[in-house]
Amino acid sequence: MLAVLAGVLMLSASETPRPTQALVAPTCAVGDTLTRYAATSDWYRSLLDTRLRLSRAYVPGDLVSVARAGVTGYGRIRRVALGDFAAMAREARSAGAPFAVQSAYRSYGTQISTFWGWAGTMGYRRTLLASARPGHSEHQLGTAVDLKTPGGAAPWAYADWGQTRPGAWLARNSWRYGWVLSYPRAGSPGQTCYKYEPWHFRYVGRTLAAQIHESGLTPREWLWRSGATGTWTGGDPLPTPSPTPSVEPTPSPMAEPTPSVEPTTQPTPSAEPSVEPTSTPAATVGPTPTPAPTIEPTLTPETATP
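All residue numbers refer to position in the chain's written sequence, counted from 1. This being a predicted model, a pLDDT of at least 70 is required before a residue's local features are given, and a value of 80 or more before pairs of side-chain atoms are given or counted; all residues contribute to the totals for chains, interfaces and linings. Think of the side-chain values as coming from all heavy atoms in the structure, minus any hydrogens and water.

We now examine the overall build of the protein. The helix and strand tally for the protein stands at seven helices and eight strands. Relative accessibility thresholds used throughout: buried, under 20% of the residue-type maximum; exposed, over 50%; partly exposed, between the two (1.4 Å probe, protein chains only). Expressed as a percentage of the 306 residues in the protein, the buried residues total 47%. Of the contacts made within the protein by residues no fewer than 6 positions apart, 72% connect residues no fewer than 24 positions apart. Summed over all atoms, the accessible surface of the protein reaches about 16000 Å², with 57% contributed by carbon and sulfur. Helix and strand labels come from DSSP, where a helix needs a run of H or I of at least four residues and a strand needs a run of E of at least two; each type is numbered from the N terminus. Here a residue-residue contact requires only that any non-hydrogen atoms of the pair lie within 4.5 Å. Throughout, the Shrake-Rupley method with a 1.4 Å probe supplies accessible areas, and for residues the shown protein chains are the sole cover considered.

Glancing now at the side chain of K148. If you trace the backbone, K148 turns up in strand 6 (residues 144-148). Every residue in contact with K148, bar those within four places of it in the chain, is listed here: F99, A100, V101, Q102, A153, P155 and W161.

This part is about helix 6 (residues 206-215). For helix 6, the full list of buried residues reads L208, A209, A210 and I212. Lining the buried residues of helix 6 we find strand 7 (179-183) and helix 7 (219-225). Remark: G216 follows helix 6 within two positions and exhibits a positive phi of approximately 75°.

Bringing the packing of aromatic side chains into the picture now. Centre distance within 6.5 Å is the pairing criterion for rings of Phe, Tyr and Trp, where only the six-membered ring of Trp is used; planes under 30 degrees apart are then read as stacked, over 60 as edge-to-face, and the remainder as tilted. All told, the structure shown has 14 aromatic pairs when counted by the stated rule. A ring pair is formed by W116 and Y124, whose centres lie 5.9 Å apart and whose planes are at 20°; its orientation type is stacked. On the accessibility criterion, W116 (25% relative accessible area) is partly exposed. Between Y183 and Y194, the aromatic rings sit 5.3 Å apart at their centres with planes inclined by 65°, giving edge-to-face as the arrangement. In this pair, Y183 is assigned in strand 7 and Y194 in the loop between strand 7 and strand 8 (197-203), connecting sequence segments 11 residues apart. Accessibility classification places Y183 together with Y194 in one group, the buried group. Taken together through their ring pairs, the aromatic side chains of Y37, W43, Y44, F85, F99, W179, Y203, W222 and W232 make up a single cluster. Working rule: Lys NZ or Arg CZ, within 6 Å of ring centre, within 35 degrees of ring normal, means a charge sits over the ring. Taking the ring centre of Y37 as reference, the NZ or CZ of R36 above it sits at 5.5 Å.

Another aspect to go through is the state of the cysteines. By definition, a disulfide links the sulfur atoms of two cysteines through a covalent bond. What counts as a disulfide here is a pair of cysteine sulfur atoms lying within 2.5 Å. Per the counting criterion, the structure on display carries one disulfide. Two residues, C28 and C193, share a disulfide whose sulfurs are 2.1 Å apart. Here the disulfide of C28 and C193 is left-handed, its torsion about the S-S bond being about -90°. Separated by 165 residues along the polypeptide, C28 in the loop between helix 1 (2-14) and strand 1 (33-34) and C193 in the loop between strand 7 and strand 8 bring together distant segments of the chain. Classification of C28 by relative accessible area gives buried; the value is 1%. Look at C193 and you get buried, because its relative accessible area is 0%.

Quick look at the sheet that holds strand 6 now. When DSSP finds two or more bridges between a pair of strands, those strands are recorded as paired. Here four strands make up an open sheet; going across it, the order is 5-6-8-7 and the pairing antiparallel. A strand with exactly one partner marks an edge of an open sheet, and here the two such strands are strand 5 (100-103) and strand 7. Taken over all neighbouring pairs, the strand axes of this sheet differ in orientation by 50° on average, direction set aside. Examined bridge by bridge, strand 7 and strand 8 share four bridges and lie antiparallel to one another. Following the sheet pairing, Y183 is matched in strand 8 by E197. In this analysis, axes come from line fits to C-alpha atoms, helices being fitted only over the stretch in contact, and the angle between any two N-to-C directions falls in the range 0 to 180 degrees.

Let's shift gears to the pattern of salt bridges. The salt bridge criterion pairs a side-chain nitrogen of Lys or Arg with a carboxyl oxygen of Asp or Glu, the two atoms within 4 Å. What the rule picks out here adds up to eight salt bridges. A salt bridge links D42 to R45; its shortest N-O distance comes to 2.9 Å. On the basis of relative accessible area, D42 is assigned to the buried category, the value being 8%. In this structure, D62 and R78 form a salt bridge, with 2.8 Å as the shortest nitrogen-oxygen distance. You can see D62 sitting in the loop between strand 2 (52-53) and strand 3 (63-65) and its partner R78 sitting in strand 4 (residues 76-78), a full 16 residues away along the chain. Of the residues examined, R78 reaches a relative accessible area of 8% and is grouped as buried. The network of salt bridges with shared partners includes D32, R53 and R133.

Note that every value here comes from positions in space, so none of it alone points to a role or purpose.
And the structure:
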């Protein structure tokens, strides 16, 4: 009996402990902990909030202009999100709800000026609910966008941009194309750590977006429950495509040679500005901010370093 007990103890001691799995997202608080999945390949499961962040050196290597998706506005997104972004834009136009880009990728350095610019206007504590500190912004992932009405004002200038035609269409349909609303009205700011923002969408791929939609949870809650701070159980973001067999065409015996046709030259997208506008916050707020919600999460700010 003693030998068996000793063997069990030795086996237990030799097991590698697994990271703690958080089933419930913790109360929002200000911190600076590097998020567990912090590589550029972890774009779909990198959890960012007021306490979890990316490093200063995080810069995606596959950024392309949003113009490649046929969408107006400035900015870049990661190539992995481009196809679904273009598909979403086409369907929105077909539904009479076209959208444009207000802001897309923002670097760590750009976020420094963005956050502290708003803090100088709104005050530090109010800005914590409306703009992410450097490293904490989903825009740094390269898979988050702030959308707007084409030719219209900034989305935060509206009483509720979510009630506009493009805003309402996106709220209902964005998940079908792999994009989720990061800060929905239900759950903001208590579960999302930021105020309601009907214009801020993050790409996680169609598979995970469908799971988030079906769960009824905010993206932050779903990521916590799916192991974004421990052992990942959320699955892959994109399904593996099935190979399509190639079919050889049947030659026509008397076919006349087809003269070669020069491809139509595609217009070159206008050059993006070398400096991104600093008037767009990470979790995006406007010059005339929406009043802070009556219920705010408990935030314990650290000493601010500009």
